[in-house]
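Single-letter residue listing:
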Amino acid sequence: RERERDRKIGPKKFSWTAMNAERLQRLQAWMDEQVAANRVAGMSVLVQRNGDTKTFVAGLRNRESQQPMQLDTICRLYSMTKAITSVAVLMLYEEARFDLRDPVHKFIPCFEKLQVAKSGVYTSAGESTLELEPLQTPVTIHHLLTHTAGLTYGFLADRYGISQMYRDNKVGFTRLECPGQNPTLAEMVERTATMPLLAQPGAEWHYSVATDVLGYLVEVVSGQNFKDFVRSRILQPLGMTDTDFFVPPEKRDRFAACYVHSAAKSFDMTSRGHAAQVGFSLADDGSDFFEDPLLPSGGGGLVGTLQDYARFCDMILNQGCAPDSTRLLSRKTVQLMCSNQLPGDADLPQMQCTSFINLPMQGVGFGLGVSVVLSPAAQQLLCSKNEVAWGGAASTCYWIDREENALVVMLTQLIPSSTYNFRRQLRVLVNQSFE
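Residues numbered from 1 in each chain as written. Predicted model: local features only at pLDDT ≥ 70, side-chain atom pairs only at ≥ 80, totals over all residues. Heavy atoms only, no water.

**Student:** Help me out: how do you make sense of the overall build of the chain in this one?
**Tutor:** Looking only at helices and strands, one finds 11 helices and 16 strands in the chain. Its C-alpha atoms give the chain a radius of gyration of 21 Å, within 12% of the compact-globule value 22 Å for 435 residues. If one aligns the C-alpha atoms of the chain with their principal axes, the spans along those axes are about 60 × 55 × 45 Å. Looking at the chain residue by residue over its 435 residues, the buried ones come to 60%. When the accessible surface of the chain is totalled, it reaches about 16800 Å², and 47% of it is carbon and sulfur. In the chain, 43 side chains carry a positive charge and 46 a negative one; their mean positions are 4 Å apart. (Helix = DSSP H or I, 4+ residues; strand = E, 2+ residues; numbered from the N terminus. Rg over C-alpha atoms; globule rule 2.2 N^0.38 Å. Buried < 20%, exposed > 50% of the residue type's maximum accessible area, 1.4 Å probe, protein only. Areas by Shrake-Rupley, 256 points an atom, 1.4 Å probe, with all protein chains shown as cover. Lys, Arg positive; Asp, Glu negative; His and termini not counted. Charge placed at Lys NZ, Arg CZ, Asp CG, Glu CD.)

**Student:** Any chance you could explain the pattern of salt bridges here in plain terms?
**Tutor:** Pairs can form between side chains of opposite charge whenever their charged atoms are close. Scanning the model with the defined rule gives 17 salt bridges in all. Its salt-bridge partner being glutamate 95, residue arginine 233 comes within 2.8 Å of it at the nearest N-O pair. Here arginine 233 is found in helix α7 (residues 226-235), whereas its partner glutamate 95 is found in the loop between α2 (81-94) and β5 (115-119), with 138 residues between them in sequence. On the accessibility criterion, arginine 233 (27% relative accessible area) is partly exposed. Of the residues examined, glutamate 95 reaches a relative accessible area of 34% and is grouped as partly exposed. Put simply, Lys227, Asp228, Arg231, Asp244 and Asp292 are held in one network by salt bridges that share partners. (Salt bridge = Lys/Arg side-chain N within 4 Å of Asp/Glu carboxyl O.)

**Student:** Looking at this model, I keep getting lost on the packing of helix α1 (residues 21-36) against helix α11 (residues 422-431). Mind explaining?
**Tutor:** When two helices pack together, you describe them by how their axes are tilted relative to each other and by the distance separating the axes. For the pair α1 and α11, the least separation of the axes is 9 Å and the interaxial angle reads 155°. One way to sum up the angle between α1 and α11 is to call them roughly antiparallel. Handedness of the α1/α11 crossing: right-handed. For the pair α1 and α11, the contacting residues are Arg26, Leu27, Trp30 and Gln34 in the first and Phe422, Gln425, Leu426, Leu429 and Val430 in the second. Looking at the contact of α1 with α11 residue by residue, the classes come out as 6 nonpolar, 2 polar and 1 charged. (Axes fitted to C-alpha atoms, helices over the stretch in contact; angles between N-to-C directions. Parallel < 35°, antiparallel > 145°, perpendicular 65-115°, else oblique. Left-handed = near helix turned anticlockwise from the far one by under 90°. Contact = heavy atoms within 4.5 Å. Nonpolar A, V, L, I, M, F, W, Y, C, P; charged D, E, K, R; others polar.)

**Student:** Explain the packing of α2 against α7 to me, please; I cannot follow it from the model alone.
**Tutor:** The N-to-C vectors of α2 and α7 enclose an angle of 85°; their axes lie 11 Å apart at closest approach. On the basis of the axis angle, α2 is roughly perpendicular to α7. Every residue of α7 that contacts α2 at Ile84, Thr85, Val87, Ala88, Met91 and Leu92 is listed here: Phe226, Phe229, Val230, Arg233 and Ile234. Residues that form the contact of α2 with α7 fall into these classes: 9 nonpolar, 1 polar and 1 charged.

**Student:** Hey, could you run me through the nonpolar core in this one?
**Tutor:** The nonpolar side chains of a soluble globular protein tend to be buried, and buried together. Counting 104 residues, the largest nonpolar core has Phe111 and Phe312 as the members making the most contacts within it. Ignoring anything within four residues of it in the chain, the contact list for phenylalanine 111 reads Val104, His105, Leu135, Val139, Leu151, Val189, Ala193 and Val213. Of all hydrophobic cores here, the second largest spans 29 residues; its members include Ala18, Phe56, Val408 and Leu414. (Core = buried A, V, L, I, M, F, W, Y, C linked by side-chain atoms within 4.5 Å.)

**Student:** Please explain the pairing of strand β14 (residues 388-391) as it appears in this structure.
**Tutor:** Both faces of the sheet carry side chains from a regular strand, because those side chains alternate between them. Side chains Val388 and Trp390 of β14 all project onto a buried face; the interleaved residues Ala389 and Gly391 project onto the opposite face, where all are buried too. Bridge count between β14 and strand β15 (residues 397-401): 4 bridges; the pairing is antiparallel. Within the sheet, the bridge partner assigned to alanine 389 lies in β15 and is tryptophan 399. From the end of β14 to the start of β15, which pair antiparallel, there are 5 residues, and serine 395 there has a positive phi angle of about 70°. (Pairing = 2+ DSSP bridges.)

**Student:** Help me understand the sheet that holds strand β3 (residues 67-68) in this model?
**Tutor:** Strand pairing within a sheet occurs via backbone hydrogen bonds; the two strands may be parallel or antiparallel. Strand order in the open sheet formed by 8 strands is β3-β2-β1-β16-β15-β14-β13-β12, with antiparallel pairing between adjacent strands. Looking at strand neighbours, the two that pair on one side only are β3 and β12 (364-366), the edges of this open sheet. Here 7 bridges tie strand β1 (residues 42-49) to strand β16 (residues 406-412), and the two strands are oriented antiparallel to one another. From the neighbouring strand, valine 45 faces β16, where its bridge partner is methionine 410.

**Student:** Hey, could you run me through the side chain of serine 395 in this one?
**Tutor:** Looking at the secondary structure, you find serine 395 in the loop between β14 and β15. On the basis of relative accessibility, which here comes to 3%, the residue serine 395 falls in the buried class. In this structure the side chain of serine 395 is engaged in a polar contact, spanning 2.7 Å, whose partner is the backbone oxygen of leucine 414. Sequence-distant contacts of serine 395, that is, excluding residues within four places in its chain, are made with Met410, Thr412, Leu414, Pro416, Ser417, Phe422 and Arg423. (Polar contact = N/O pair within 3.5 Å; in protein donor to acceptor, adjacent residues only side chain to side chain.)

**Student:** Which parts of the structure should I look at to understand the environment of methionine 19?
**Tutor:** Here methionine 19 is to be found in the segment before α1. Judged by its relative accessible area of 0%, methionine 19 is buried.

**Student:** Looking at this structure, I do not really get helix α6 (residues 210-222). What am I missing?
**Tutor:** Think of an α-helix as 3.6 residues a turn; residues three or four steps apart then line up on the same face. In this model, α6 (13 residues) spans 18 Å end to end at C-alpha, consistent with the 18 Å of a helix rising 1.5 Å per residue. For α6, the buried fraction is high: 10 of the 13 residues fall into the buried class. Buried within α6 are the following residues: Ala210, Thr211, Asp212, Val213, Leu214, Gly215, Tyr216, Leu217, Val218 and Val221. Elements that come into contact with the buried residues of α6 comprise α2, α3 (141-146), α5 (185-192) and α7. One or two positions beyond α6, positive phi appears at glycine 223, with a value near 75°. (Expected span 1.5 Å × (residues − 1).)

**Student:** Sorry if this is basic, but what is going on with the packing of aromatic side chains here?
**Tutor:** Any two aromatic rings considered together are summarised by their centre-to-centre distance and by the angle between their planes. Per the counting criterion, the structure on display carries 21 aromatic pairs. Arranged with centres 6.1 Å apart and planes meeting at 85°, the rings of tryptophan 205 and phenylalanine 356 form a pair that is edge-to-face. Pair noted here: tryptophan 205 is in the loop between α5 and α6 and phenylalanine 356 is in strand β10 (residues 355-356), with a separation of 151 residues, a long-range link. Its relative accessible area of 2% is what places tryptophan 205 among the buried residues. Plain terms: the ring middles of phenylalanine 356 and tryptophan 390 are 5.6 Å apart, the flat faces sit at 20° to each other, and that makes the pair stacked. On the criterion of sequence distance, the pair formed by phenylalanine 356 in strand β10 and tryptophan 390 in strand β14 is long-range, its members being 34 residues apart. Classification of phenylalanine 356 by relative accessible area gives buried; the value is 14%. Aromatic ring contacts, followed pair by pair, group Tyr153, Phe155, Trp205, Tyr207, Phe356, Phe366 and Trp390 into a single cluster. When the ring centre of phenylalanine 289 is taken as reference, the NZ or CZ atom of arginine 76 above it lies at 5.1 Å. One Lys or Arg, arginine 252, reaches over the ring of phenylalanine 290 and ends 4.3 Å from the middle of that ring. (Phe/Tyr/Trp six-rings, centres within 6.5 Å; stacked < 30°, edge-to-face > 60°. Lys NZ or Arg CZ within 6 Å of the ring centre and 35° of its normal.)

Have a look at this one:
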């Protein structure tokens, strides 16, 4: 039986027996280089191994005011929200509120009569040749957790033009996707259900608004507002005091600015290659994050700090236990969450996803809300088998390595996350330091 550990995130005496001190300094040098080369305004990294923690900081959280990046800087987490929402779903699953095989329409009726793209293409110009067919199998909760429901995002591109249809119909849950809107979570889920699916449920992997739909599922099943559920059941027990769906007035001075390179003509999540190093433009003025949203995005709505998110990762690493030994999930549920859930133990290319935000997906599967490394050799990357991970639109990332008893969180604020190869470089710099 695996032994549970009671550990706390925070300042500790760092044990150099866990990592090579000289080699780990390469990480700080790399971070300083990214700032000096104008690739990012600032960034922070937390590395924990065997319960010991080391933090690194470089650059500024706000170039305009010259405020430094700090450990308590609040950043847009975007899709790093997904793992937290997935944990909320699994907490209800443990209460036997539903089966993962249950059709979503059992709880959200508008999902019963979805249609699926079959051929042709949708265009905004009114020359659509898109042909649809009915569902062959219902969309299940498991499909939503694994991004195999056939949903998509409006900022992506696809063979049928469905993502363009999302944009034209203002389907989106985050401030990035649909600024200026004020629908409720229920209203946006209803709008999503009017869009065709990209593929029959379970047939292909497509990154999508599925986790936002799961946020509404939490609300329906629990009878509690989704925001309140996340706050009371996850954030508060873990001591994530600076993480929420908005930034209150007393914390706004710590809220980082978010940037795009000024070479970019417009915000484009699917951009390929590297941005020219010609300076920065603000991606937003931050004000959209100053009010508690009517539509909380389970897929990308949270803001938080480096150490807060490390507390969440530590709970997963610690088999579902909070630092004070409060159990959020069982050991078995965490194992299920962190195991590959794709059919036939497939990796993402076998599910029609060969790359994502310029990252190769060979040897990577998907669990319940997290990616799972199936083969470091296939990834051609210094990492561990069964490592779970994900990231956010502003170039943030995390991973949890149970083989090495380690976790890593990186925060920065640069959109889009495909701009630079930070995530693979960071894995090398951290893992080459392990003794």
